[in-house]
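The lines below spell out each chain.
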Amino acid sequence: MARFSVGREEDDNDEGPSNPTRRPEPKRRRTTAGTFSCSGNFRLSGDRRLPVRESEVARENRAISGEDPDQNLEGSRGNGSISVMLSDPDVLDCPICLEHLSVPVFQCENGHIACASCCTKIANKCPSCCWPIGYNRCRALEKVLESVKVSCVNKMYGCKEILSYSKKTDHENACIYVPCFCPSHGCDFLGTSTNVYAHFRDKHASSAEHIFFNAVHPIHIEKDQSYKILQMRTEGILFIINHASDRVGSAFNIICVGPARQKRRFSYKLVVTDGESSFKLESVAESMPNWSESSPLKKFLVVPRDVVNSSAPLKLNVFIEEKEYVCNGCRC
Ligand SMILES: [Zn+2]
Ligand SMILES: [Zn+2]
Ligand SMILES: [Zn+2]
Ligand SMILES: [Zn+2]
Ligand SMILES: [Zn+2]
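This one's a predicted model, so the numbers in the text were calculated from it and none came from an experiment.

Time to look at the UniProt feature "domain: RING-type" (unreviewed entry) in the chain. Under the UniProt annotation, "domain: RING-type" (unreviewed entry) lies at residues 94–129. From the first C-alpha to the last, residues 94–129 spans 16 Å; its make-up is 17% helix and 17% strand.

Below you can see the structure in the form of structure tokens.
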């Protein structure tokens, strides 16, 4: 079984004397979250192009051992693909914008590379050596990029997507298998939203209000209570009423525990009334995989302080319904 390591060259002194203004290159690291998640098993697909004799030897060995060595490779489909470990996944990122590279990739006379949009941004002048860049493709790297297949970072949570490297970030930002935290105070359970709903029902059912979709539920919140967890009786979906107060009054909204870009969307109505005046918010519950008590409130209802003070605990009428999903052209 072939094991390849692709590493970054630490010194590139082979640029020759033709280099006019060579500057030392700082080693850049991507700093956004999720960066280092991409190390792992990459797969290069395509023809292995073994010399005939070697193929025969390999076949003989297979016959002797009675097994196909490809079957031992993780995720191998027996189509000639090999697993590759990239010790530095940054080599597949544009060194200028640090985004994952996609075809076309350009190189200067000295072999420095840049993505197409960076070539425009830097006015076709290589930032490392000042030679022109954006006219010569780096087809060898393009072939590697087209051939690299990588699994989603949420593979361990059940995502089976096998992606080309350039699509990895887009997919992972929208992946429905993104792990969610259990919202119960002090619990560190992490799993897909479905797992968290089941876990919560199992372990913390008594700490939530159990409600239904499409029904008005009176929910009581104490002045010093910063949130209240709601769980749907039917599917176990978790919602949280957030509560923050300051000198003006109290702010409330509702979020849903789930992947940030899940397809299902839930709208809600929050109404507080003191008999004379009523305060109402109609909104869509933001979906959050990592809600915590200190998550900042967005799009909230403000109930003035005098209304809050006139009743304790405060009664909120909560109504949640599922919005009809409208596909906007993706392949769902
Ligand atoms: Zn770039
Ligand atoms: Zn250059
Ligand atoms: Zn995924
Ligand atoms: Zn828990
Ligand atoms: Zn769609």
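Now for the coordination of the zinc ion (ligand 3). Looking at the zinc ion (ligand 3), the protein donor atoms are C152 (SG), C159 (SG), H171 (NE2) and C175 (SG), and they sit 2.1 to 2.3 Å from it. One can describe the site at the zinc ion (ligand 3) as tetrahedral: its four donor atoms subtend angles covering 105 to 112° at the metal. Each donor residue of the zinc ion (ligand 3) lies on the same chain, and together they follow the pattern C-x6-C-x11-H-x3-C. You'll find C152 and C159 in the same group, each marked buried.

Those donors, C94 (SG), C97 (SG), C115 (SG) and C118 (SG), are the protein atoms that reach the zinc ion (ligand 1), and they lie 2.3 Å from it. Taken together, the four donor atoms coordinating the zinc ion (ligand 1) and their angles of 105 to 115° define a geometry best described as tetrahedral. Each donor residue of the zinc ion (ligand 1) lies on one chain, and together they are spaced C-x2-C-x17-C-x2-C. Pair noted here: C94 is in the loop between β3 (82–86) and β4 (105–107) and C118 is in helix α2 (residues 116–121), with a separation of 24 residues, a long-range link.

Bringing the packing of aromatic side chains into the picture now. As enumerated under the stated definition, the model contains four aromatic pairs in all. Arranged with centres 5.5 Å apart and planes meeting at 10°, the rings of F213 and F266 form a pair that is stacked. Pair noted here: F213 is in the loop between β11 (208–211) and β12 (216–221) and F266 is in strand β16 (residues 265–273), with a separation of 53 residues, a long-range link. Grouping residues by exposure puts F213 and F266 together as buried. What links up through ring pairs into an aromatic cluster is the set F213, F239 and F266. When the ring centre of F319 is taken as origin, the NZ or CZ atom of K269, which lies over that ring, is 4.9 Å away.

Let us look at the sheet that holds β16. Spatially, β12-β20-β16-β17 is the arrangement adopted by the four strands of the open sheet, whose pairing is antiparallel. The open sheet is flanked by β12 and β17 (278–284), the only strands paired with a single partner. Within the sheet, the average angular offset between the axes of one strand and its neighbour, ignoring direction, is 25°. Two elements, β12 and strand β20 (residues 314–323), share six bridges in a ladder whose sense is antiparallel. Looking at β20, one finds that I221 is bridged to L314.

Our focus in this paragraph is the environment of V153. Mapping V153 onto the fold places it in the loop between β7 (148–151) and β8 (162–164). For V153, a relative accessible area of 33% gives the class partly exposed. Taking the C-alpha atoms as reference points, V153 and H171, 18 residues apart in sequence, are found 9.7 Å from one another.

A word on a nonpolar patch on the surface. Taken together, the side chains of V248, F300 and V302 present a nonpolar region at the surface, about 240 Å² in accessible area. With respect to the secondary-structure elements, V302 resides in strand β19 (residues 301–304).

The next thing to look at is the pattern of salt bridges. On inspection of all chains with the given rule, the structure shows seven salt bridges. A salt bridge links K228 to E209; the nearest nitrogen and oxygen atoms lie 3.4 Å apart. With a gap of 19 residues between them, K228 in strand β13 (residues 227–232) and E209 in strand β11 connect regions that are remote in the sequence. Take K228: its relative accessible area is 16%, and that puts it in the buried class. When its relative accessible area of 27% is taken as the criterion, E209 is described as partly exposed. Where E282 meets K280, a salt bridge forms, and the shortest distance between an N and an O atom there is 3.5 Å. Like E282, the residue K280 is exposed in the burial classification. Salt bridges here are not isolated pairs; linked through shared partners, they connect E235, R264 and E322.

Reading the values: the criteria
- Residues numbered from 1 in each chain as written.
- Chains lettered and ligands numbered in written order.
- Predicted model: local features only at pLDDT ≥ 70, side-chain atom pairs only at ≥ 80, totals over all residues.
- Heavy atoms only, no water.
- UniProt positions renumbered as here; feature names shortened; annotations may be inferred.
- Helix = DSSP H or I, 4+ residues; strand = E, 2+ residues; numbered from the N terminus.
- Donors = N, O, S within 2.8 Å, 3.2 Å for Na, K, Ca; no water.
- Tetrahedral: all angles 85-135°; square planar, octahedral: opposite > 155°, others 65-115°.
- Buried < 20%, exposed > 50% of the residue type's maximum accessible area, 1.4 Å probe, protein only.
- Phe/Tyr/Trp six-rings, centres within 6.5 Å; stacked < 30°, edge-to-face > 60°.
- Lys NZ or Arg CZ within 6 Å of the ring centre and 35° of its normal.
- Pairing = 2+ DSSP bridges.
- Axes fitted to C-alpha atoms, helices over the stretch in contact; angles between N-to-C directions.
- Patch = residues over 30% accessible without salt bridge, like charges linked within 9 Å, V, L, I, M, F, W, Y side chains within 5 Å.
- Areas by Shrake-Rupley, 256 points an atom, 1.4 Å probe, with all protein chains shown as cover.
- Salt bridge = Lys/Arg side-chain N within 4 Å of Asp/Glu carboxyl O.

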